[in-house]
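Close look at the chain arrangement
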Amino acid sequence: MRRILLTNDDGYSSEGIQALADSLESLAEIWVVAPRTEQSAVSHSLTLDRPLRMERLGERRYAVDGTPTDCVALGIASLLGGPPPDLVVSGINSGANMGVDVHYSGTVAAAFEGVILGCPALAVSQIRGEGFSFQTAAAVSRRLAEWILESGLPADTLLNVNVPPSTPRGVKLTRLGVRRYTEGIIEQVDPRGKQVFWIGGGEPVWDEIPGTDFHEVAAGYVSVTPLHLDMTDVRFLEELRAAQPAWIATEPGGEPGR
Ligand code: MN
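**Quick word on unusual backbone geometry**
A cis amide bond, omega -10 degrees, links Gly 91 with the succeeding residue Ile 92. With a phi close to 45 degrees, Gln 244 is a non-glycine residue in the positive phi region. The exposure class of Gln 244 is partly exposed, given its relative accessible area of 35%.

Structure (structure tokens):
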């Protein structure tokens, strides 16, 4: 029996993960290991300073008082038992995870944790707006999960999926987009007269670059972006090797690098 591990960063009781569980049920045995409380924007953080506690809420259903990454690590190493699951799916996140935002995303990080532990993985986000329904992303997730179970994914790679709010016009393969700026930090004064700061106020503004996640989603398509675990900038590495800048040769006590 194939097994799929589900997690998210919106928390165990979020509607998105339930829609995901329902949509994938006929493909495999579904295990849900999700954070007890919302963990959006925690990125890839791992809890190391205290033990984790989990609550068993049903057959193959667990809420953990940790991060999305904790959930995947705990799920694969301990709760599921036996070999790693055939697929890790993270989501369905309420809201987009596109462009540089993938670096903040707990949803995407959880999928990467699956990749690190040797499983193919899928991160799914449902963009909010007119016509919003988790069912849209749930249907897309099912098709992609079915395909991955059949065809697999290259090592160290996941698919990051963003689904537009209204009925998609189709699916586009994309690269990460570029967010131009957001309204920075909102400064306020609390009721006791102390200065406080809110991060992440305004709506993100994106560069209109064809072929990017943002661009295709804005045009009404589902965006599928393959993401790789290895962030090495191979192009610049080659440039550096060719250029041999002075700091390579002058490294303290070292011989020139190769
Ligand atoms: Mn979230």
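Picking up after the structure, the text goes on.
**Section: the domain arrangement of the chain**
Segmenting the chain into domains produces domain 1 (3–177 + 212–232) and domain 2 (181–205). Taking only C-alpha atoms, the centre of domain 1 and the centre of domain 2 are 29 Å apart.

**Structural notes on the environment of Glu 55**
With respect to the element layout, Glu 55 can be found in strand 3 (residues 54–58). Relative accessible area serves as the criterion here: at 41%, Glu 55 is assigned to the partly exposed category. A sequence separation of 22 residues divides Glu 55 from Val 33, and the C-alpha atoms of the two residues are 9.7 Å apart. With residues near it in sequence (within four places) discarded, Glu 55 still touches Arg 36, Arg 61, Tyr 62 and Ala 63.

**Digging into the coordination of the manganese ion**
For the manganese ion, the protein coordination sphere consists of Asp 9 (OD), Asp 10 (OD), Ser 40 (OG) and Asn 93 (OD1), at 2.1 to 2.3 Å. If you list the donors of the manganese ion from N- to C-terminus, the spacing comes out as D-D-x29-S-x52-N. Pair noted here: Asp 10 is in the loop between strand 1 (3–7) and helix 1 (15–24) and Asn 93 is in strand 5 (residues 87–94), with a separation of 83 residues, a long-range link. For the pair shown, Asp 10 and Asn 93 are each scored as buried.

**Digging into the state of the cysteines**
Going through the model one piece at a time under the given rule, you end up with 0 disulfides. The thiol of Cys 71 is not disulfide-bonded; the next cysteine sulfur, from Cys 119, is found 15 Å away. For Cys 71, a relative accessible area of 1% corresponds to the buried category. On the basis of relative accessibility, which here comes to 4%, the residue Cys 119 falls in the buried class.

**Some words on the packing of helix 1 against helix 4 (residues 134–151)**
It is the contact of helix 1 with helix 4, at a shortest axis distance of 9 Å, that shows an interaxial angle of 40 degrees. In this view, helix 1 runs oblique relative to helix 4, as classed from their interaxial angle. Viewed along their axes, helix 1 and helix 4 form a crossing whose handedness is right-handed. Within the contact between the two elements, helix 1 uses Glu 15, Gly 16, Ala 19, Leu 20, Ser 23 and Leu 24 and helix 4 uses Phe 134, Gln 135, Ala 138, Ser 141, Arg 142 and Ala 145.

**Focus on the pairing of strand 5**
Within strand 5, 7 of the 8 residues are buried, leaving the element largely enclosed by the surrounding structure. Bridging between strand 1 and strand 5 involves 4 bridges; their strand directions are parallel. Among the inter-strand pairings, Leu 5 is bridged to a residue of strand 5, identified as Val 88. In this structure, strand 5 lies alongside strand 6 (residues 121–126), joined through 5 bridges in parallel fashion. Bridged to Val 89 within strand 6 is Leu 122.

**Digging into the packing of helix 2 (residues 68–79) against helix 3 (residues 106–116)**
Their axes nearest at 8 Å, the elements helix 2 and helix 3 cross at an angle of 25 degrees. For the element pair helix 2 / helix 3, the angle class is roughly parallel. In this structure, the crossing between helix 2 and helix 3 has a hand that is right-handed. Taken together, the residues of helix 3 that come into contact with helix 2 (itself represented by Pro 68, Thr 69, Val 72 and Ala 73) are Gly 106, Ala 109, Ala 110, Glu 113 and Gly 114. Class assignment for the residues of the contact of helix 2 with helix 3 results in 5 nonpolar, 3 polar and 1 charged.

**A short note on the environment of Leu 20**
Here Leu 20 lies in helix 1. When the C-alpha atoms of Leu 20 and Pro 154 are compared, they prove to be 23 Å apart, with 134 residues separating the residues in sequence. Once residues lying within four places of it in the same chain are set aside, the contact partners of Leu 20 are Leu 6, Val 89, Gly 91, Ile 92 and Ser 141.

Parameters and conventions
Residues numbered from 1 in each chain as written. Predicted model: local features only at pLDDT ≥ 70, side-chain atom pairs only at ≥ 80, totals over all residues. Heavy atoms only, no water. Buried < 20%, exposed > 50% of the residue type's maximum accessible area, 1.4 Å probe, protein only. Domains from an automatic or database assignment. Helix = DSSP H or I, 4+ residues; strand = E, 2+ residues; numbered from the N terminus. Contact = heavy atoms within 4.5 Å. Donors = N, O, S within 2.8 Å, 3.2 Å for Na, K, Ca; no water. Disulfide = S-S within 2.5 Å. Axes fitted to C-alpha atoms, helices over the stretch in contact; angles between N-to-C directions. Parallel < 35°, antiparallel > 145°, perpendicular 65-115°, else oblique. Left-handed = near helix turned anticlockwise from the far one by under 90°. Pairing = 2+ DSSP bridges. Nonpolar A, V, L, I, M, F, W, Y, C, P; charged D, E, K, R; others polar.

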